[in-house]
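Understanding the architecture of this molecule
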Amino acid sequence: MAKISIKQVRSAIGRTKTQKRTLEALGLKKLHQVVEHEATPAILGMVAAVSHLVEVQEK
């Protein structure tokens, strides 16, 4: 599978609990932090749920 890099670019302050938990599940704890994941359907679904808070790059 392809790898994707996910970078948090907007704060989780004032967001719903589910959005905060989704960011934590992706491994994002701070702004401008970058994590890499395999592009599985589960990961892509989580990214879609918080797409307004993150940037995604394919590798």
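Procedures and definitions
- Residues numbered from 1 in each chain as written.
- Predicted model: local features only at pLDDT ≥ 70, side-chain atom pairs only at ≥ 80, totals over all residues.
- Heavy atoms only, no water.
- Buried < 20%, exposed > 50% of the residue type's maximum accessible area, 1.4 Å probe, protein only.
- Helix = DSSP H or I, 4+ residues; strand = E, 2+ residues; numbered from the N terminus.
- Arc of directions from axis to C-beta.
- Polar contact = N/O pair within 3.5 Å; in protein donor to acceptor, adjacent residues only side chain to side chain.
- Contact = heavy atoms within 4.5 Å.
- Axes fitted to C-alpha atoms, helices over the stretch in contact; angles between N-to-C directions.
- Parallel < 35°, antiparallel > 145°, perpendicular 65-115°, else oblique.
- Left-handed = near helix turned anticlockwise from the far one by under 90°.

**With respect to helix H1 (residues 17-26)**
- Turning to H1, its buried residues are Gln19, Thr22, Leu23 and Leu26. Along the long axis of H1, the arc covered by the buried residues comes to 100°, so they all point the same way. Summarising the geometry of H1, the exposed residues directed more than 90 degrees from the buried face are Lys17, Arg21 and Glu24.

**Some remarks on the side chain of Gln8**
- Mapped onto the secondary structure, Gln8 falls in strand S1 (residues 3-8).
- A relative accessible area of 4% means that Gln8 is categorised as buried.
- Separated by 3.1 Å, the side chain of Gln8 and the backbone oxygen of Arg10 make a polar contact.
- Among residues more than four places away in sequence, those in contact with Gln8 are Leu23, Leu28, Lys29, Lys30, Leu31, His32, Gln33, Leu53 and Val54.

**Overview of the packing of H1 against helix H2 (residues 41-49)**
- Interaxial distance between H1 and H2 falls to 10 Å at its minimum, and their mutual angle equals 140°. With respect to H2, the axis of H1 lies oblique. For the pair H1 and H2, the sense of crossing is left-handed. Note on element contacts: H2 touches H1 through Ile43, Met46, Val47 and Ala49, opposite Gln19, Thr22, Ala25 and Leu26.

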